[in-house]
Amino acid sequence: MRIARLAAVLGLMILPQGAMALSCLIPDAVRAYETARKAKEDYVVLLGQFDQAPVRQGKTGPVLNFTGKQLGASGFGTAFTGQITLVRHCLTAEPACDASYVPRGEQLIFVQKKDDRLVLFESLCGDMLIAQPSKDDLHRLLTCHRGGECLALN
């Protein structure tokens with residue numbers, strides 16, 4: 001009987017985290033773009049890669065070099081090299097929540113201009129970072145950016 005009671009208590013403790021994970025949608029380029037466009041804060045959209053070695057550890061997270069292109073009126077035509085501060089919001093000890101973790105490969109990121117720096121707020125659902133965006137992701141994003149239909153995946 002004690003084991004059943006313990007299992008029930010543990011199940012109730014785990015349930016809220018599982019339910020929260022189920023409420024996250026798959027990160028989508030168009031949905032992130034629409035979120036950034038409608039925000040009161042200013043955002044910059046970048047496509048490229050993080051250097052794997054942090055420049056330094058900031059007060060809120062690692063500061064990383066990012067090299068790629070910035071979204072402008074004609075698409076991703078403007079070269080970009082700069083520093084991005086990562087701010088992570090984590091509930092668990094997932095590898096991506098480790099302060100030393102750096103996303104690998106091509107990334108589509110939506111960074112907020114905050115005073116004199118660019119900040120990537122990595123939420124629990126990871127919705128402002130699209131890892132290895134597909135050609136379709138970029139096509140839908142550019143169509144929306146140029147005034148066409150804004151089709152999010154879900």
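Residues numbered from 1 in each chain as written. Predicted model: local features only at pLDDT ≥ 70, side-chain atom pairs only at ≥ 80, totals over all residues. Heavy atoms only, no water.

Draft legend 1. Highlighting the nonpolar core. Phe50, Phe76, Ile84, Leu108, Ile109, Phe110 and Leu120 are the most contacted members of the largest nonpolar core, which totals 31 residues. Looking at this core, the elements that each hand over two or more residues are α2 (29-38), β1 (43-50), β3 (62-72), β4 (75-88), β5 (107-114), β6 (117-122), β7 (129-131) and α3 (135-145). With near-sequence residues (within four places) excluded, Ile84 lies in contact with Leu46, Phe50, Pro62, Val63, Leu64, Phe66, Ile109, Val111, Leu118 and Leu120. (Core = buried A, V, L, I, M, F, W, Y, C linked by side-chain atoms within 4.5 Å. Buried < 20%, exposed > 50% of the residue type's maximum accessible area, 1.4 Å probe, protein only. Helix = DSSP H or I, 4+ residues; strand = E, 2+ residues; numbered from the N terminus. Contact = heavy atoms within 4.5 Å.)

Draft legend 2. Inspection of the pairing of β4 at higher detail. Pairing of β3 with β4 involves nine bridges; the strand directions are antiparallel. Among the inter-strand pairings, Asn65 is bridged to a residue of β4, identified as Gln83. Counted between consecutive antiparallel strands, the loop separating β3 from β4 contains two residues. (Pairing = 2+ DSSP bridges.)

Draft legend 3. Structural detail: the environment of Asn65. Note that Asn65 resides in strand β3. Sequence separation between Asn65 and Ala53 is twelve residues; the distance between their C-alpha atoms is 8.2 Å.

Draft legend 4. Structural context of α3. By the burial criterion, the buried members of α3 are Asp137, Leu138, Arg140, Leu141, Leu142 and Cys144. Where α3 is buried, its residues touch α2, β1, β3, β4, β5 and β7. Of the residues flanking the end of α3, it is Gly147, one or two places downstream, whose phi is positive at about 95°.

Draft legend 5. Spotlight on the environment of Glu34. In this fold, Glu34 is placed in helix α2. Sequence separation of Glu34 and Ala152 is 118 residues, and the distance between their C-alpha atoms is 9.2 Å. If we ignore the near neighbours within four places in the chain, the residues touching Glu34 are Cys144 and Cys150.

Draft legend 6. Spatial organisation of the pairing of β6. Note that β4 and β6 share five bridges and pair parallel. By the bridge assignment for β6, Arg88 is matched with Glu122. Summarising the sheet, β5 and β6 pair through three bridges and their orientation is antiparallel. Bridging from a neighbouring strand, Gln112 pairs with Val119 of β6. The loop that links β5 with its antiparallel partner β6 comprises two residues; one of these, Asp115, has a positive phi angle of about 55°.

Draft legend 7. Geometry of the state of the cysteines. In this structure the tally under the stated criterion is one disulfide. What pairs with Cys144 in a disulfide is Cys150, and their sulfur atoms sit 2.0 Å apart. Because the sign of the S-S torsion sets the handedness, a value of about 80° for the bond joining Cys144 and Cys150 places this disulfide among the right-handed ones. Relative accessible area serves as the criterion here: at 1%, Cys144 is assigned to the buried category. (Disulfide = S-S within 2.5 Å.)

Draft legend 8. Representation of the pattern of salt bridges. Tallied over the full model, the rule gives four salt bridges. Through salt bridges that share partners, Asp28, Asp136, Asp137 and Arg140 make up one connected network. (Salt bridge = Lys/Arg side-chain N within 4 Å of Asp/Glu carboxyl O.)

Draft legend 9. Structural detail: unusual backbone geometry. The residue Asp115 is not glycine, and still its phi comes out positive at about 55°. Accessibility expressed as a relative area gives 80% for Asp115, which makes it exposed. Positive phi, close to 45°, is recorded for Gln132, a residue that is not glycine. For Gln132, the position within the fold is in the loop between β7 and α3. Overall, Gln132 belongs to the exposed group, its relative accessible area being 57%.

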